[in-house]
Each structure stands twice: as structure tokens, then as C-alpha cells.
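# Coordinate analysis (summary)
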Amino acid sequence: MKRRAFIKKNGTLTLLAPFSSLPIASFEPSNNKIEINKPEWLKQMISNNDLSLHNILLRFVGDKSAITYGAVLDGNEMATAHSITSFLKTGICALVSPESEFYNDEKLREKLALSCHFFLGLQNEDGTIDLVSTNFHSTPDTGFIVKWLAPVWRLLAHSEVSQKQLILNPLKKFLIHAGEALKIGGIHTPNHRWVVSSALAELYKIKPDEAYRLRAEEWLSEQIDLDEDGQFEEKSSYIYSSLSDRVLISIARGFNKPELLDYVAKNLKMNLYYLHPNGEIVTEASGRQDNSRIGTLENYYYPFRYMALKTGDGQFATACKLIEETCFRKTTGFLYYFLEDPSLWEELPASKALPVNYAKEFRNSNLIRVRRGDYDASILSGSTVFFTFHKKELALQGMRFASAFFGKGQFSADSYKVENGKYILFRELTGPYYQPFPKENIPGDGVWSKMPRSQRNQSEVQKLYSTVTIQEVAEGFSIDIAITGTDNVPVALELIFRPGGSFSGTVPHEGMKETVFLKDGMGKYLGNGASIMFGPGLYQHKWVNIRGALPKMDAPTAFLTGTTPFHHSIKIS
């Protein structure tokens, strides 16, 4: 989903007034002069950062005759503010860490200084930078960069690195100039308000300009966009919810607003019910570009660790350990948080088990989550993927169906209800024909667009009613699909699996790769020593590219086919 056109997919959301505070200790700024030994996990993060830096240095432009001399190129061989920021953030973290192979390295320091000067040339006169893929003279993207670079500037300023002013002076010039843009510039999306406010808070630690705080107060006066379930408005569980958690912590610390931590805690608690058995996070309800993306918890490591130590919450501590076990390498980009705040090096509180046996509704996200130990399911209204099923080793990434009903038969529930342990999704479609345009209103020039359908009488109105009823059965779920109304409408039901496995009990589609039919009986998808059973099958035709349906995903897919009136139950286990 494009940043310029954030679309609220599911229902109406409201901005909530602050809810009752959780028991959180009072804010105390960290003292980065504390001398304690770094824990092993942090030393590993520093080592991982070195590996990242080696890769970034491969893209450093050291040719003095090149117009990009001193820059770092991105994957498109462009010298951008973001590619250089990545180098500055990664490189300074290495430069100041005694455990790094690049500690106080003269050659690295020289390259960082060169990049800082090139970086200044990319800054617009108004203090902003460009996100060259879409946003120009962008205040929010400037905010992202400032919130990354202000902490590493402070790390370097407090370090023992020699000749550090060669980096500090141009970088501070950039940051202060950017601050002028952040005082007045606008935003695009809900999370941008908190990103800009966070950047202002980080600058406030460098230069206590009261205008920074006043501008942040303007954004904060709109109230935090957290719903009753604990989710932010964009519902972006992998990318932007975790971002909102991180930047709200930054604002709370920078402007002494510990009440903001209540929102962070509530979102983290919600996410404990968004976890698949393998540690991945549910993304199918997102309203942003991470929708249906495979995501792990690395972006939440800092919020979970900070809040575990701040509140003593054992489940947050367990979440940290889950991240360390499943995706720790991906936390490397957040190293600067942990270098600047030694209080995060402390031992986590005693672990407390995460929820693994529940059925929980998140009505504001049109999502129902069911977890039963080693398997879980997501049930979604307002989404073309209405059901997912995960085991630790395998995943049914989605079920969809479409009918050839006037080119608009891709199912996405308009509404749902929970009744006696059943989760029931509904959709109603109409397909009218149109009568001649009212004679007295005919424009007389034959132009079709001047005679809109909205002003024509309808006739022969066809209707299609789709109902999906999902309930738990032994070791899985039963999914009953009923489509009635207009008869003889072709239907295709898709079961979309994560790549890496193989089918059993199915028949290959002759013209499409990784596509099979389940014609009868039970099918299996096997891989990693596990299997997902599905069936019984149904086969009445071979048309799977239904007109008006979404294209087949690039993944192993099993189809069941039929025509209306369609009524079929399928078990997933």
C-alpha cells in the first residue's frame, strides 16, 4: 500500500484518550558513563554489526574522480541520503565499540568523514532530505534519519575516538539544519507524527531548543492512535506498530512523558496473541505494505527489552528470549539503542509463559486469533485471505475463493459474527442490468459517460450470498462454504501454502506450475517432517483463473472447483 494513500481497510477507528496508566517506574535518563561489562548478547550484536559494515563498505565510493566520491551507493547504484545514513549509523556504532574490529579505526573514520560531507550536499535548503523512491523535500523521512543519526552522534561525542570532530561537526550541522524543517514540516501517515516527534526529542538531547518540544506537543495533542485492542491505526504489525513503540519510548524519554509508555505496553501485550508457533507475527490484518508478509519479531526487541526492565513483566522478558532464539541477527540495526543505554544490559526479569491456548477477537482489526499449542489460525473479515493455518514447520498461508459473478466475485467478507463457537463470515453481491436512459434526460450527443448507470433503472438483478462458517474440530478446523442465489456460477477455492513442501493425494494442473487439484478424498502438504491435511476434495471444472478474481499467488496452491449452488465443507488439520 502506497505511503501517499494510506487506506483504512477495516472499519472505523477512533483516536483514544489515554487509558489508565500501567504500573511503570518513573522516567530516569540513562547515564552512558556507567562502566559495566557488556553482556554476551550485546557483544554478538556488535559482531553482527561488523559483518553488516563489511557489506556496506563494498559500496563506498573511494574513486576521487567520481562525482559520488565519499558516498555509499544503494542497490540501484544511487548515492542517497538513506544509503549514506545506513553507513553512518553502522559505521559509528563500530567506531565507538571497543569490541568491534573497527574500533577507533583510522580508515573507517576517514570514510565516515567523507560521507558526512557528501551527505550535507544531499540536504535541501529547507533542511529536508529526499526519499528518492517517492517523497521529495520530505519532513517525515528527514525525521526517520534524524532519529537514527542523533543517537549515534551522541555516542561518538561521548567516545574516546580520536579526531572525532571530523565527523561530529558536519553531522551536527546536518542535524541542526534538519531540526528547522522538523519544527514546521508536515506529514503523510499516522506514524509520521510520532517519528517527527521522536526526532525532535532526540535533537532536544543535543540542543535543548524549546521549539522542538513545542512542535512535538502539537502532534501529541492529536492523541495516540491506539485502539481498544491495543493496535495502532495502520495495523502494521510487522513494520509500523513496532516503529510506533520505539519512537513513543524515545518521546517519553526525551521529553519526560512516561505516560506514553502505557501505549507501548498495551501494544506489546496485544502482540503476544499475534504469534505463530515458529515465532513469526501475524501480518494479514495490516493496512500497509507488510500485509501478508512473512515477519518475525526483531523490530520489537528494543521495546520488549526496555519495557521488561521498566515494568518487570515476565512475558516481555520471554518475548526477548524468543527473539534471541529465532531472529537475533535481524536486530543488528538497533544496536545504537543498546550502546547508548547501559540500563538495557541488565538481566531480564524472570520469564513468564506466553499465551499458547486461546481464542481471541480483535474486532477493530476484523481479526480472530485461535492458538492451540503447536498450531494456530487467523480468521479475517474484510480481507480476500479469510483463513490461515500455521504449524511450526509448515503454513497454509491463505484460503481464498472467487466466483465468476459479474467480474466481482472475489470473496472478502462484509461482516462477521461469533456465535456458539462458530466464526461466521458474510458477503452479499448484486449484479443488475440497466434500462434505457430516461428520455427527458438524454443529452443528445451520444456520449455514454453523460448517461450514468446511477440514473438508469435496474432490472434482472442477480444476487449472490456467500457464507463461510469456521469452527474448531479435533487438531484443526472445519470450514463450511455456502454460496447461493444465482445458479450455475463457476467457483474456485484456493488453498495457498508456503513454498518448500510437496503435495500428496492431489492431481497436477497441466498448464500451471506449483498448482494442483484436490479432486476427491484428503490431500496433504508435506515438508520439514510435518504435514497439513486438507479435504475432502471437489472437482467440477478446471477453470481456476476466474474472471474478476485475484491472480494466483506465486506459491504452491491446491484448487477445489464447483458451481452454484455451492456447499462444501473442508477440514484443515
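Not measured: the values here are computed from a predicted model. (Residues numbered from 1 in each chain as written. Predicted model: local features only at pLDDT ≥ 70, side-chain atom pairs only at ≥ 80, totals over all residues. Heavy atoms only, no water.)

Okay, the packing of aromatic side chains next. Taken as a whole and assessed by the stated rule, the structure comprises 32 aromatic pairs. When the centroid spacing of 5.8 Å and the interplanar angle of 75 degrees are considered together, the rings of F386 and F401 count as edge-to-face. Within this pair, whereas F386 is found in the loop between β5 (375-380) and β6 (387-391), its partner F401 is found in strand β7 (residues 395-403), the two being separated by 15 residues in sequence. For the pair F386 and F401, one class covers both residues: buried. Plain terms: the ring middles of F405 and F406 are 4.8 Å apart, the flat faces sit at 80 degrees to each other, and that makes the pair edge-to-face. For F405, a relative accessible area of 1% translates into the label buried. Here F406 falls in the partly exposed class, since its relative accessible area comes to 39%. (Phe/Tyr/Trp six-rings, centres within 6.5 Å; stacked < 30°, edge-to-face > 60°. Helix = DSSP H or I, 4+ residues; strand = E, 2+ residues; numbered from the N terminus. Buried < 20%, exposed > 50% of the residue type's maximum accessible area, 1.4 Å probe, protein only.)

Right, let's get into the environment of L214. When you line up the elements, L214 lands in helix α7 (residues 210-220). Along the backbone, L214 and K183 are 31 residues apart, and their C-alpha atoms lie at a distance of 8.5 Å.

For the protein chain, the mean per-residue pLDDT works out to 94, and 94% of the residues sit at or above 70. The low-confidence segment residues 1-35, where pLDDT is below 50, has 93 contacts with residues more than four positions distant or belonging to other chains. (pLDDT = per-residue confidence, 0-100. Contact = heavy atoms within 4.5 Å.)

One can find L168 in helix α5 (residues 165-182). On the accessibility criterion, L168 (3% relative accessible area) is buried. Separated by 52 residues in the primary sequence, L168 and C116 have C-alpha atoms spaced 8.8 Å apart. Ignoring any residue separated from it by four or fewer positions in sequence, one finds L168 in contact with W153, L156 and A157.

Here we take up the packing of helix α6 (residues 190-204) against helix α8 (residues 240-254). The contact between α6 and α8 brings their axes to 8 Å, and the two run at 35 degrees. Here α6 runs over α8; the crossing is left-handed. For the pair α6 and α8, the contacting residues are N191, W194, V195, S197, S198, A201, E202 and Y204 in the first and Y240, L243, S244, V247, L248, S250, I251 and G254 in the second. For the contact of α6 with α8, a count of residues per class yields 9 nonpolar, 6 polar and 1 charged. (Axes fitted to C-alpha atoms, helices over the stretch in contact; angles between N-to-C directions. Left-handed = near helix turned anticlockwise from the far one by under 90°. Nonpolar A, V, L, I, M, F, W, Y, C, P; charged D, E, K, R; others polar.)

In globular proteins that are soluble, nonpolar side chains generally tend to be buried together. Ranked by size, the top nonpolar core spans 114 residues in total, and within it L42, L175, I224, L248, F304 and F338 carry the most contacts. The dominant element in this core, judged by the number of residues it contributes, is helix α4 (residues 139-157), at 9 residues. Each residue touching L248, except ones within four places of it in the same chain, is listed here: W194, I224, F232, L260, Y263 and V264. Judged by nonpolar contacts, the second largest core, of 43 residues, contains F477, I483, V491 and F566. (Core = buried A, V, L, I, M, F, W, Y, C linked by side-chain atoms within 4.5 Å.)

Packing of helix α1 (residues 40-57) against helix α2 (residues 81-95) leaves a shortest axis separation of 9 Å and a crossing angle of 135 degrees. Here α1 is positioned oblique relative to α2, judged by the angle of their axes. The handedness of the crossing between α1 and α2 comes out as left-handed. Here α1 contributes N49, D50, S52, L53, I56 and L57 to the contact with α2, which in turn contributes S86, F87, T90, G91, C93 and A94. Among the residues making up the contact of α1 with α2, the classes are represented as 6 nonpolar, 5 polar and 1 charged. (Parallel < 35°, antiparallel > 145°, perpendicular 65-115°, else oblique.)

Let's shift gears to the pairing of strand β18 (residues 530-535). Of the strand pairs in this sheet, strand β17 (residues 523-527) and β18 are connected by 5 bridges, and their pairing is antiparallel. Bridge pairing links G527 to A530 in β18. Once β17 ends, the chain turns through 2 residues before running back antiparallel as β18, passing N528 with a positive phi of about 55 degrees. Where β18 meets strand β20 (residues 566-572), 2 bridges bridge the pair, whose relative direction is antiparallel. Bridged to F534 within β20 is I572. (Pairing = 2+ DSSP bridges.)

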